[in-house]
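Remarks on the overall topology
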Amino acid sequence: MIALIRKVIIIGSGPAGLTSALYTARGNLMPLVISGFQWGGQLMLTSEVENYPGFPEGIMGPDLMSLMRKQAERFGAEFIDDNVTNVDFSSAPFKITIGDDIHEAHCVILATGANAMWLGLESEQKLIGKGASSCATCDGAFFRNRELVVIGGGDSALEEALFLTKFASKVTVIHRRHELRASKIMQERALKHEKISFLWDSEVLEVLGKDKVEGVRTRNLKTNEESEMKTDGFFVAIGHKPNSEFLKGHVDLDERGYIIRKNWTQTSVEGVFSAGDIHDYRYRQAVTAAAHGCEAAIDAEKYLEAKGVE
Ligand code: NAP
């Protein structure tokens, strides 16, 4: 089924997509947001957000996203909570397929963000949902008074470790170097926390356990010495991968899959714009993603004006 041709379709519904939706809706462009099967993006998996301006006491990630969605809906943005299966940007109007339905639009804003990465060990993959997790906020409460490990040395790893101390009796951060990549404030909080300890210069070779996580086998990268550690939960926080698989061959991507922008927010296709973590591997903040969403919406509006799309 082909519906009416939209002025703008936004794919993705994190801070970038929802801010694009707000601006284009308020600009009377009546956007359709294809928000994903699990709408809301990474902030739906976050607990307290303390660095989004305007919330002096902080706000829970899912609450922030609900407010952003309501604000866009107030100005007429429409939502389909489903995943895009295919796109065709070869000529305008652009085609976006969801199952059997094709949606057409004069311009498109891509804002599908990025997802957490895994180590890729077979033992890890077998134990996902059985003690192996990439989301402390989602799964932390299952581990009251348990001992846990967190893999990584960036802000995500320390944020997860700090969050897990609310439930766990002990959290060990396993990091492949002896220097943390995380910001100084997060380092200070984690390093002085009585429940958090660090296993430096180490990689995980295997997650142990058959039906549930029971431990990890690690190797010290300096001495090559292997050892085993008991743990009830295994949390991976080693970075993110852009959700751009469906865009391969349709817009230019770099070798990691991030969108390459050509002209401000425009992608390699005129009329197709990008916003948020789908192109931004540097800042990756809710507030920067929201700003990109605003920029893409303004560029889309100018593009439609220039094309004379009524
Ligand atoms: P990140 O900064 O890229 O850190 C990833 C960490 O995982 C690094 O310590 C890296 O080790 C390690 N790592 C990567 N691949 C690995 C592998 N295969 N095996 C073992 N370890 C591996 O990613 P992030 O922590 O997700 O943060 C991403 C961005 O979001 C950053 O800009 C960060 O500041 C921001 N962020 C901010 C907050 C906050 O302000 N509250 C919270 C979360 C994230 P190396 O250090 O050795 O490379």
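Before going into details, it helps to say that this report is about the structure given with it. The shown structure was predicted, so the numbers you read here are calculated from the model rather than taken from an experiment. (Residues numbered from 1 in each chain as written. Predicted model: local features only at pLDDT ≥ 70, side-chain atom pairs only at ≥ 80, totals over all residues. Heavy atoms only, no water.)

A count of helical and extended segments in the protein chain gives seven helices and 19 strands. A compact globule built from 310 residues should have a C-alpha radius of gyration of about 19 Å, and the protein chain, at 21 Å, falls within 12% of that. Expressed as lengths along the three principal axes of its C-alpha atoms, the size of the protein chain is roughly 65 × 40 × 35 Å. For the protein chain, buried positions account for 48% of its 310 residues. Taking as baseline every contact in the protein chain between residues at least 6 positions apart, the subset at least 24 positions apart corresponds to 60%. (Helix = DSSP H or I, 4+ residues; strand = E, 2+ residues; numbered from the N terminus. Rg over C-alpha atoms; globule rule 2.2 N^0.38 Å. Buried < 20%, exposed > 50% of the residue type's maximum accessible area, 1.4 Å probe, protein only. Contact = heavy atoms within 4.5 Å.)

Right, let's talk about the pairing of strand S16 (residues 226-230) for a bit. Relative to S16, strand S15 (residues 215-220) runs antiparallel, the two being bridged by five bridges. Note on S16: the bridge partner recorded for Arg 217 is Glu 228. If you look at the hairpin formed by S15 and S16, you'll find five residues sitting between the two strands, and Asn 224 has a positive phi there, around 70°. (Pairing = 2+ DSSP bridges.)

Before going further, it helps to examine the site of the ligand. Near the ligand there are 19 residues, and of these Asp 155, Ser 156, Arg 176, Arg 177 and Arg 181 occur at the shortest range. Contact between the ligand and Ser 156: an oxygen atom at 2.5 Å from a side-chain N or O atom of the residue. Summarising the interface, the protein chains cover 76% of the accessible area of the ligand, which totals 920 Å² for the free molecule. The element that contributes the greatest number of residues to the shell around the ligand is helix H5 (residues 155-164), accounting for three residues. Residue composition of the shell around the ligand, grouped by class: three nonpolar, nine polar and seven charged. (Near = heavy atom within 4 Å. Polar contact = N/O pair within 3.5 Å; in protein donor to acceptor, adjacent residues only side chain to side chain. Areas by Shrake-Rupley, 256 points an atom, 1.4 Å probe, with all protein chains shown as cover. Nonpolar A, V, L, I, M, F, W, Y, C, P; charged D, E, K, R; others polar.)

Bringing H5 into the picture now. When you tally the buried positions in H5, you get seven out of ten residues, the bulk of the element. Burial in H5 covers these residues: Ala 157, Leu 158, Glu 160, Ala 161, Leu 162, Phe 163 and Leu 164. Among the structural elements, helix H4 (136-139), strand S11 (147-151), strand S12 (170-174), helix H6 (184-191), strand S13 (196-199) and strand S17 (233-236) are those in contact with the buried residues of H5.

Turning our attention to the environment of Phe 89. Mapped onto the elements of the fold, Phe 89 is located in the loop between strand S6 (86-88) and strand S7 (94-98). Along the sequence, Phe 89 and Ala 141 sit 52 residues apart, while their C-alpha atoms lie 44 Å from each other. Apart from the residues within four sequence positions on either side, Phe 89 is in contact with Phe 94, Val 108, Leu 110, Leu 247, His 250, Val 251, Val 269 and Val 272.

The strand order S10-S17-S11-S12-S13 describes an open sheet built from five strands, whose pairing is parallel. The open sheet has two edge strands with one neighbour each: strand S10 (132-133) and S13. Inspection of the sheet shows S11 paired to S12 by five bridges, in the parallel sense. Pairing of Val 149 across the sheet is with Thr 172, part of S12.

Don't take any of this as a statement about function, it's just geometry.
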